[in-house]
Structure formats: C-alpha cells, structure tokens
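Per-entry structural report
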Amino acid sequence: MNRQMGRIYLDHNASTPLHPHVAQAMRDALEDSYGNPSSAHWAGQPARQMLERSRAQVAALLGCAPAEIVFTSGGSEANNLALKGTFFARRDRAAHIITTQVEHPSILASSRFLEREGARITYLPVDSTGLLDPDDLRRAITRDTILISIMHANNEVGTIQPIAACAWIAGEHDIPFHTDAAQSAGKIPTRVGELGVDLLSTAGHKLHAPKGVGALYVRAGIKLEPLIHGGGHEGGQRAGTESAMLAAGLGAACVLAADLTAMEGIRQLRDRFWASLQARFGKRVVLNGHPEQRLPNTLNVSFVGRVGADVLAALDGVAASTGSACHSGRIELSPVLAAMGVPPEAGMGAVRFSLGRTTRSDEISAVVEALSNVLS
Ligand SMILES: Cc1ncc(COP(=O)(O)O)c(C=O)c1O
C-alpha cells in the first residue's frame, strides 16, 4: 500500500529481535565455553561457570534461587514440563487440573494429551475483556485437583490475569500453581514471590534472547517427572548436555528485561496509537482485551466488517498478526477471541499490533496513515 513506509515490526509478541548485548554474550560463550559443563576439567569448567552465571541472571529476574531454574528449549517445553511433569510425578491418573480457555496452545494441547491419559481438566471461562474470575477458580477446585495453570498475560490480547489472587486460592488448598509468563517477563514484573507461584514458564525469544531457550522456575520442594530422561542435568529435571551459549543469551536478556523503565514509553506510544485509530475510525474499530489490565505493548483491535488478514496484506511492510484464520473459505476466530465472546463480524477483523523497545513514534504514525488508506 504505502511503498515509502519501509519495514515496520509490530509483532513483538510473536518474537523479538536479538539484543546486541545478548548476541555478544552468546558469541563470548560460543568461543570460550566449548567444553561440556558436566566435565570437571579445564575445558568444562568455563562452560559450567557460564551456565551457572546465566542461571543466576534468570533467577534474579524472577526473584528466586538459581537452583530453582531449569533451562528448557523455550516456553512450550517449560509449559509441557509444568503440566506433564506434575501429572506423571503424581501417578494418579484420575487427577484434576484447572486451566483456562485462553491459554497458549502449549498448555491447551498438553491438557488434551493429559485428558487422553485419564486426567480431568477444567477450562475456566473468561469475560469479554479476557479476564477470569477468581471465584470461578475457587468453585472449580476439587479434592483431586493436583495443579492450577493460569497464564500471566495473554499473547493475543495482552490481558493480565489476577495471578496473585489465584495463587492465593491455590495456596489455601495446598495445590501447586503454575503460570505461563512467556509474554509478561520483560514487560511487567514477574517476581515469583510477589505472584505467589510454584512454577513459572519463560520463553527467551519473547525478551530479546534467541529462539530455542527458555526456563521453568520450579519452587524448591516441587517434584516433577522429567520429560526427557537421561543424565542428571538440570537437577535431574531435564536431561541433555546444556548449551552454555543459549543459556548465556537468556541470562543476558534477563538482565536487560529487569529494567522496565522503557515500558512506560511503550505504553504511552501504544495508547496514542489506539487514540489515533479511534479518532480516525470511530465505531469501525474495537479494542480486544482489557482496557487497563493489559500488557503495555499490546494493541489488539478489530476492524469491524473487515478480514484481519486482508488488512495486514494491504499494509505492505508492516509485520503484525491476525486473530482469525481462514479455513476452507470460512473465517474462524482464534480460540482466545471466541472464548471472550467476540462477535464473528468484529473478531474476523482482529489485528494484533505488539510494540517493542525499538518501536518509534513515526512508525506508529505511518501505520495509522496506511490504515486510513486501506480502510477508506
Ligand atoms: C503465552 C505463551 N506461552 C508460550 C509460548 C511458547 O513459547 P516458545 O515459542 O518459546 O515455545 C508463547 C509463544 O508464542 C506464548 O505466547
């Protein structure tokens, strides 16, 4: 559409660019830490030190002990380990797990898998802003409940769940509580003590680390059955020779993510973006997600009566995501928008813009202009 616009990246909830400091930390690790971290000799020890320094950096972001961090291949594996690891450690096939209808597929698909293994799963509903009601959680708990898993912030609409309140309820019943913080880490505070959680997942590539690395916080005393059996790596919770290079990337990214001062500027830019869209399109544009209790970088809007994928296709050079998919000529809302009860005529026009630390104000102005051309 707007050929002069160039490339604008507004898809930071999908993935983020590698930060230069992260790339440097990984380069250093690649060159200096080729030994096996489990080897006691001179070549293994630098790798071990690198790994443990990185573990401490991740732990510092989450406010936990380094020994409570298990490196994984990313958010999906961390979520799989939290759910399946809890289920298989209990050996109770009739166990009950509570989650929500708006979780990431790595939680929902793991839940479906565990249903096939005999587990009973409750999928809590959310309201039209994507928020769950802690009273629904309270009512769903049974004597068989072995785990509650509720995401911290939603990847599509950014709604932030009342995790501390939910974890409190779990604690009253002595039920382990897991939260998927893949989207929230680096955007809002994610200290495990403040959230009151026992398990927490992060994904490196959402906070300027590379793809292929993440971490699961496992509170001391929580028992998980590993997904990958083998040597005693990662405290026996995940076998496989650790990559000091990937860990170094995640560690460096967590140091940067701890400084949330940039988020206020991102929030203001996001809010100006939304105000401009409202001014231009009035009732033809609708916000998806909670108006306030939402990630500071996320703007999911529906262009009513339009197809999100068509709007994006016309916005040449703008990287963003849609909330609907076209299957055999039929528009299907994303499960998240469907769970929020978004009407199809609005939901099919959903576009998720997710800003990042390098997003500039002139880029947002250019996108607003381009949208005006596309939608006029
Ligand atoms: C909320 C949430 N959880 C988990 C994941 C999965 O993380 P990864 O891509 O590292 O497997 C994502 C990534 O899209 C996510 O947004």
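Residues numbered from 1 in each chain as written. Predicted model: local features only at pLDDT ≥ 70, side-chain atom pairs only at ≥ 80, totals over all residues. Heavy atoms only, no water.

Before going further, it helps to examine the sheet that holds strand β15 (residues 350–354). Overall, antiparallel pairing links the four strands, which are arranged β9-β10-β15-β12 in an open sheet. Strand pairing shows two members of the sheet lacking a second neighbour, β9 (285–288) and β12 (321–322), which therefore form its edges. Relative to β15, strand β10 (residues 298–303) runs antiparallel, the two sharing five bridges. In the sheet register, N300 faces β15, and the bridge partner there is R352. The sheet strands contacting helix α10 (residues 261–281) are β9, β10 and β15, and the helix crosses β10 at an angle near 15°. (Pairing = 2+ DSSP bridges. Helix = DSSP H or I, 4+ residues; strand = E, 2+ residues; numbered from the N terminus. Contact = heavy atoms within 4.5 Å. Axes fitted to C-alpha atoms, helices over the stretch in contact; angles between N-to-C directions.)

Neighbouring the ligand are 14 residues; G75, S76, D180, Q183 and K206 lie closest to it. S76 has a polar side-chain atom sitting 2.7 Å from an oxygen atom of the ligand. H205 places a side-chain nitrogen or oxygen 2.8 Å from an oxygen atom of the ligand. Relative to its unbound accessible surface of 390 Å², the ligand loses 85% to contact with the protein. Of the residues forming the shell around the ligand, the biggest block, three residues, is contributed by helix α3 (residues 75–90). Here the residues of the shell around the ligand sort into three nonpolar, nine polar and two charged. (Near = heavy atom within 4 Å. Polar contact = N/O pair within 3.5 Å; in protein donor to acceptor, adjacent residues only side chain to side chain. Areas by Shrake-Rupley, 256 points an atom, 1.4 Å probe, with all protein chains shown as cover. Nonpolar A, V, L, I, M, F, W, Y, C, P; charged D, E, K, R; others polar.)

It is worth spelling out the sheet that holds strand β6 (residues 177–180) at this point. With mixed pairing, seven strands are arranged side by side in an open sheet as β2-β8-β7-β6-β5-β3-β4. Edge positions in the sheet fall to β2 (69–72) and β4 (120–124), since each of these pairs with one other strand and no more. Direction aside, the axes of adjacent strands within the sheet are offset by 20° on average. For strand β3 (residues 96–100) and strand β5 (residues 145–149), the ladder comprises three bridges, and the chain directions are parallel. Within the sheet, the bridge partner assigned to I98 lies in β5 and is I148. Of the strands in this sheet, β2, β7 (199–203) and β8 (214–218) are in contact with helix α2 (residues 44–62), which crosses β2 at around 110°. Helix α6 (residues 163–172) rests against β5 and β6 of the sheet, and its axis sits at about 160° to β6.

A separate point is the pairing of β5. Where burial is concerned, most of β5 is hidden: five out of the five residues are buried. Bridge analysis of β5 against β6 gives two bridges, and the strand direction is parallel. Within β6, the position partnered with I148 by the bridge is F177. Read as a crossover between parallel neighbours, the route from β5 over α6 to β6 is right-handed. (Buried < 20%, exposed > 50% of the residue type's maximum accessible area, 1.4 Å probe, protein only. Right-handed = clockwise from strand over helix to strand, strands pointing away.)

So, about the pairing of β4. Here β3 runs beside β4; their pairing, made up of five bridges, is parallel. Of the residues in β4, the one forming a bridge with I98 is T122. Once you follow β3 into helix α4 (residues 105–116) and on to β4, the crossover reads as right-handed.

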